[in-house]
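# Observations on chain architecture
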Amino acid sequence: MIRKLILIIGLVIASVSFAQTDKAAESSDKLSQLRLKNEQITRKIVDLEASVLVLKAELQSTKQEVKTELLRGQELQAQNESSLNIALDEFSKKFEKQNETVKGVQDELNSKFDSQMIMLVIGFIALLIIFLILSKRATQKALEQNIANWNNFQEHLLKK
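A few points on the structure. Everything numeric in this text was worked out from a predicted model, so none of it was measured. Residue positions are counted from 1 within each chain, in the order its sequence is given. With the structure being a predicted model, the display of local features is reserved for residues of pLDDT at least 70 and the display and counting of side-chain atom pairs for 80 or more, all residues being used for whole-chain, interface and lining totals. For side-chain calculations, the full set of non-hydrogen atoms in the structure is used, while hydrogens and water are omitted.

## Quick notes on the overall build of the protein chain
Helix and strand definitions here come from DSSP, where helices need a minimum of 4 consecutive H or I residues and strands a minimum of 2 consecutive E residues; each element is numbered from the N-terminal end. Each helix and strand in the protein chain was counted, giving one helix and zero strands. We compute the radius of gyration over the C-alpha atoms and compare it with the globule rule, which gives 2.2 Å times the number of residues raised to the power 0.38. Taking 15 Å as the expected radius of gyration for a compact globule of 160 residues, we find that the protein chain reaches 65 Å, considerably beyond that expectation. Principal-axis analysis of the C-alpha atoms places the extent of the protein chain at approximately 215 × 40 × 20 Å. Going through the 160 residues of the protein chain one by one, you find that 0% of them count as buried. Accessible surface, the protein chain: about 15,400 Å² in total, of which carbon and sulfur atoms supply 64%. For every residue, the accessible area obtained with a 1.4 Å probe (protein chains only) is divided by the maximum for its type, and the residue is called buried under 20%, exposed over 50%, and partly exposed between those limits. To measure how exposed things are, a 1.4 Å probe is used in the Shrake-Rupley method; for residues, cover is taken only from the protein chains shown.

## Quick word on a nonpolar patch on the surface
On the surface, a nonpolar cluster with roughly 660 Å² of combined accessible area is contributed by Val121, Phe124, Ile125, Leu128, Ile129, Leu132 and Ile133. Following the sequence through the fold, Ile129 ends up in helix α1 (residues 2–159). Patch membership requires more than 30% relative accessible area and the absence of a salt bridge. Residues of like charge join within 9 Å; the nonpolar side chains Val, Leu, Ile, Met, Phe, Trp and Tyr join within 5 Å. Basic side-chain nitrogens of Lys or Arg form a salt bridge, by our definition, when they fall within 4 Å of a carboxyl oxygen of Asp or Glu.

## A few points about the packing of aromatic side chains
Ring pairs (aromatic) are described by centroid distance and by the angle formed between their planes. A pair of Phe, Tyr and Trp rings is counted when the ring centres sit within 6.5 Å of each other, with Trp represented by its six-membered ring. The angle between the planes then sorts it: under 30 degrees is stacked, over 60 is edge-to-face, the rest tilted. Tallied over the entire structure, the rule returns two aromatic pairs. Ring geometry for Phe91 against Phe95: centres 6.1 Å apart, planes inclined by 20°, an arrangement best described as stacked. Taken together, the residues Phe91 and Phe95, both in helix α1 and four residues apart, mark about one turn of the helix. Its relative accessible area of 55% is what places Phe91 among the exposed residues. Note on Phe95: relative accessible area 42%, which makes it partly exposed. For the ring pair Trp150 and Phe153, a centre distance of 5.8 Å and an interplane angle of 40° mean the geometry is tilted. Here Phe153 and Trp150 lie together in helix α1, a separation of three residues that amounts to about one turn. You can call Phe153 partly exposed: its relative accessible area is 41%.

## Looking at the pattern of salt bridges
Should the charged atoms of two oppositely charged side chains come close, the side chains can pair. Here the structure, examined in full by the defined rule, presents three salt bridges. Notably, a salt bridge pairs Arg43 with Glu39, separated by 3.6 Å at the nearest N-O pair. One end of the pair, Arg43, and the other, Glu39, are both in helix α1, four residues apart, so they sit about a helical turn from each other. With a relative accessible area of 42%, Glu39 lands in the partly exposed category. A salt bridge links Lys112 to Glu108; its shortest N-O distance comes to 3.5 Å. Of this pair, Lys112 and Glu108 both sit in helix α1, separated by four residues, roughly a single helical turn. Residue Glu108 is classed as partly exposed on the basis of its relative accessible area of 45%.

## So, the environment of Leu158
Along the chain, the position of Leu158 falls in helix α1. Residue classification places Leu158 among the exposed residues on the basis of a relative accessible area of 73%.

## A short note on the environment of Asn38
In this fold, Asn38 is placed in helix α1. Along the chain, Asn38 and Lys63 lie 25 residues apart, while their C-alpha atoms are 36 Å from each other.

So yeah, pure geometry; function would need other evidence.
Next up, the structure:
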């Protein structure tokens, strides 16, 4: 029984030692594969870090260009606003001057209209007075002529 026990222990140890040897070879292959993958990943990381650095540099350059363009745009906008304000001020001055001219013309037209109305009223009154005087003279002349005709008629009647 001891022999059997020793034989079984020997077989188990032999099979375990062979199994460990195969596992060690497998582990060694897997380890070398993992090392290769690790090297590939490390190279990719280095490449990606280089790309990130390039992209960061490009980003900074782009930021600077955008800032420059924004500043130039703001300067142009300020110049445009200044030009627009100047144009609006000049337009406002011209508009005020035109309003003053229109007001002056309106005042002059009003005074001329008032003068013409006064002259029209005075002319109408003068014409009315002239018609009254002419009418009175014509009436007086007609009256005198009628009286003279009446006197002539009475004389003529009295002579007959």
